[in-house]
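The primary structure of each chain is shown beneath.
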Amino acid sequence: MRPEQLKFQTRAIHVGNPPDPQTGAVVPPIHPATTFVQPGAGDWGTFDYSRSGNPTRTAVQTTLASLEGGCGALAFSSGMAATHCATMLLSAGDHLLAGMDIYGGTYRLLHKICSSVGIQVQTIDLSDPANVARAIRDNTKMLWLEGIGNPRLTVPDLPALIEVAHDHELLVGVDNTFATPVLQRPLEWGADIVMHSATKYLGGHSDCLAGVLAVRDQDLLDRLYFIQNATGAVLSPFDCFLLARGLKTLQLRINQQCRSAQQLALFLENHPQVKNVLYPGLPSHPDHERASQLLDGGFGGMITLEAEGDFETTRRLVKSTRLFHLAVSLGAVESLIEQPASMSHASYDAAARAEAGITDGLIRLSVGLEHPKDLIQDLDQALTGS
Ligand SMILES: *Cc1c(COP(=O)(O)O)cnc(C)c1O
């Protein structure tokens, strides 16, 4: 059977993971070597130097490309390194449009690093694709957005946004960290680049910092590979191994995390101490209908809520859960709780935070793989006690 005929779950296990031809080992070996013997001077073999290519990295990149439906993928030392590589396709004087609802670190990269090298950065509200059309200038080169926004869990109309951007020959990059290829594969809708903080769901165990770019077009892959090799933020072979191991259970984990999150969101929506719940799987979410059309088999493992009470009550609340650890990051087996205004989105300036609806009372949950009943009980004691 050709790999592309296999189902997602099968590809996650078999593509990029053939048994080792030398030993028969069913798990490909980790190759720590930084340099590789050459057939002759100036005669490059498949691998020559580990920044330029490493067999363990190639293996996981092969799996990643298959899961996102791309022609290839590149593995980076962090999600930010992956996003930075994509922005290095632009030059001074180019204009970049980004969604308003983006990860705090991406906001900082765009506004502090990209701006400082002369890229014009503009963040816009993506709820209406016409906003993109209106914001496009002669020098606009790229649209950067998140498949599920952060932290309000907006679900933009990706197919429509990609179409508008392509009408104007923009490159479209989608940070697919929250949705994962289990729920949505933007390359299939024509996006040019899909980015992941693989630190989150793809790795899935809070033990591996990694980033990914997957692309549809070979020419673009070559350009990104050139930048990555020239700048050097590659993923180490050991972390490639951890990422490859995480990918094998990605679909199972996401399916369960979606089911648990749906249960928790319902519980929270009916809790007297909760003012408002933002979960795309609830009919009360502004983007629920679109999410039902665009997301495949679930609404993700992230929940955002606003509890009754002020800033201090919120601070107390996020400290009073016992199973939910108070920490940034997300997407792993253990559940996490955080306050975006003071943690994940602290690098937004105050005005941008207000504009993106990141209030002081907002709380973000990453639902892990504990039993949902235990998680519900934990949230209940925290909400009732604070
Ligand atoms: C964590 C995160 C990033 C940054 O990735 P790192 O691996 O921490 O560098 C980018 N985008 C989103 C949506 C994230 O959650």
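**Quick word on the packing of helix 10 (residues 250-269) against helix 14 (residues 372-385)**
- Helix 14 packs onto helix 10 with a crossing angle of 30 degrees between their chain directions and a minimal axis gap of 10 Å. Regarding the angle of helix 10 to helix 14, the classification is roughly parallel. Between helix 10 and helix 14 the crossing geometry is right-handed. Where helix 10 abuts helix 14, its residues Ser260, Gln263, Leu264, Phe267 and Leu268 lie against Pro372, Leu375, Ile376, Leu379, Asp380 and Leu383.
- Broken down by class, the residue content of the contact of helix 10 with helix 14 amounts to 8 nonpolar, 2 polar and 1 charged.

**Some words on the packing of aromatic side chains**
- Applying the stated rule across the entire model yields 2 aromatic pairs.
- Note on phenylalanine 36 and phenylalanine 47: the rings are 5.7 Å apart at their centroids and 35 degrees apart in plane angle, and the pair reads as tilted. A residue pair is termed long-range when its members are at least 10 positions apart, and phenylalanine 36 in the loop between helix 1 (8-14) and helix 2 (55-68) and phenylalanine 47 in the loop between helix 1 and helix 2 qualify at 11 residues.
- Aromatic pair tyrosine 107 and tyrosine 348: ring centres 4.2 Å apart, planes at 15 degrees, arrangement stacked. Of this pair, tyrosine 107 sits in helix 4 (residues 104-114) while tyrosine 348 sits in the loop between strand 11 (336-338) and helix 13 (350-355); the two residues are 241 residues apart in sequence, bridging distant segments of the chain.

**What to know about the environment of glycine 42**
- Turning to its location among the elements, glycine 42 is positioned in the loop between helix 1 and helix 2.
- According to the relative accessible area criterion, glycine 42 is exposed, its value standing at 63%.
- Sequence separation of glycine 42 and glycine 204 is 162 residues, and the distance between their C-alpha atoms is 41 Å.

**What to know about the environment of tyrosine 107**
- You can call tyrosine 107 buried: its relative accessible area is 9%.
- Placed 14 residues apart in sequence, tyrosine 107 and valine 121 show a C-alpha to C-alpha distance of 9.8 Å.
- Apart from residues no more than four positions distant in its own chain, tyrosine 107 is found in contact with Ile102, Ser347, Tyr348, Asp349 and Ala352.

**Focus on the pairing of strand 5 (residues 171-175)**
- Within strand 5, 5 of the 5 residues are buried, which leaves it mostly tucked inside the rest of the structure.
- Burial of strand 5 is two-sided: the residues Leu171, Gly173 and Asp175 facing one way and the residues Val172 and Val174 facing the other way are all buried.
- Relative to strand 5, strand 4 (residues 140-146) is paired through 5 bridges, and the arrangement is parallel. The residue of strand 5 that forms the bridge with leucine 145 is valine 174.
- For the handedness criterion, the β-α-β arrangement of strand 4, helix 6 (residues 158-167) and strand 5 is classed as right-handed.
- Sheet topology places strand 5 next to strand 6 (residues 193-197); 3 bridges connect them, and they run parallel. Looking at the pairing, aspartate 175 lines up with methionine 195 of strand 6.

**Comments concerning the site of the ligand**
- Taken together, the neighbourhood of the ligand is formed by 15 residues, with Met80, Asp175, Ser197, Thr199 and Lys200 sitting nearest.
- Note that an oxygen atom of the ligand is positioned 2.7 Å from one of the side-chain N or O atoms of lysine 200.
- When the ligand sits alone it has 380 Å² of accessible area, and the protein chains cover 94% of it.
- Those elements that provide at least two residues to the shell around the ligand are helix 3 (79-87) and strand 6.

**Observations regarding the confidence of the model for the protein chain**
- Per-residue pLDDT for the protein chain has a mean of 95; in total, 100% of the residues score no lower than 70.
- Mean pLDDT in the protein chain bottoms out at helix 13, which sits at 84, and peaks at strand 1 (residues 72-76), which reaches 99.

**Quick look at unusual backbone geometry**
- A cis amide bond links asparagine 150 with the next residue in sequence, proline 151, at an omega value of 10 degrees.
- Relative to the helices and strands, proline 151 is located in the loop between strand 4 and helix 6.
- Phi at leucine 153 is positive, roughly 55 degrees, even though this residue is not glycine.
- With respect to the helices, strands and loops of the structure, leucine 153 is situated in the loop between strand 4 and helix 6.
- Judged by relative accessible area, which is 1%, leucine 153 ranks as buried.
- With phi around 75 degrees, serine 329 is a residue other than glycine that occupies positive phi space.

**Let's talk about helix 10**
- Across its 20 residues, helix 10 extends 28 Å between first and last C-alpha, which sits within 8% of the 28 Å expected from 1.5 Å per residue.
- Residues of helix 10 that are buried include every one of Leu250, Arg253, Ile254, Gln257, Cys258, Ser260, Ala261, Leu264, Ala265 and Leu268, and no others.

**Focus on the domain arrangement of the protein chain**
- When the domains of the protein chain are assigned, the result is domain 1 (3-247) and domain 2 (251-384).
- A C-alpha centroid distance of 26 Å is found between domain 1 and domain 2.
- With 38 residues of domain 1 in contact, the opposing surface of domain 2 contributes 43 residues.
- Between domain 1 and domain 2, roughly 3400 Å² of surface is buried when both sides are summed, and carbon and sulfur atoms account for 58% of that area.
- Between the two partners, domain 1 and domain 2, sit 1 salt bridge.
- The salt bridge involving arginine 185 is made with aspartate 296; its shortest N-O contact spans 3.0 Å.
- Of the residues assigned to the side of domain 1 that touches domain 2, the class counts are 19 nonpolar, 13 polar and 6 charged.

Criteria and cut-off values
- Residues numbered from 1 in each chain as written.
- Predicted model: local features only at pLDDT ≥ 70, side-chain atom pairs only at ≥ 80, totals over all residues.
- Heavy atoms only, no water.
- Axes fitted to C-alpha atoms, helices over the stretch in contact; angles between N-to-C directions.
- Helix = DSSP H or I, 4+ residues; strand = E, 2+ residues; numbered from the N terminus.
- Parallel < 35°, antiparallel > 145°, perpendicular 65-115°, else oblique.
- Left-handed = near helix turned anticlockwise from the far one by under 90°.
- Contact = heavy atoms within 4.5 Å.
- Nonpolar A, V, L, I, M, F, W, Y, C, P; charged D, E, K, R; others polar.
- Phe/Tyr/Trp six-rings, centres within 6.5 Å; stacked < 30°, edge-to-face > 60°.
- Buried < 20%, exposed > 50% of the residue type's maximum accessible area, 1.4 Å probe, protein only.
- Pairing = 2+ DSSP bridges.
- Right-handed = clockwise from strand over helix to strand, strands pointing away.
- Near = heavy atom within 4 Å.
- Polar contact = N/O pair within 3.5 Å; in protein donor to acceptor, adjacent residues only side chain to side chain.
- Areas by Shrake-Rupley, 256 points an atom, 1.4 Å probe, with all protein chains shown as cover.
- pLDDT = per-residue confidence, 0-100.
- Expected span 1.5 Å × (residues − 1).
- Domains from an automatic or database assignment.
- Buried area = accessible area lost by both parts, 1.4 Å probe.
- Salt bridge = Lys/Arg side-chain N within 4 Å of Asp/Glu carboxyl O.

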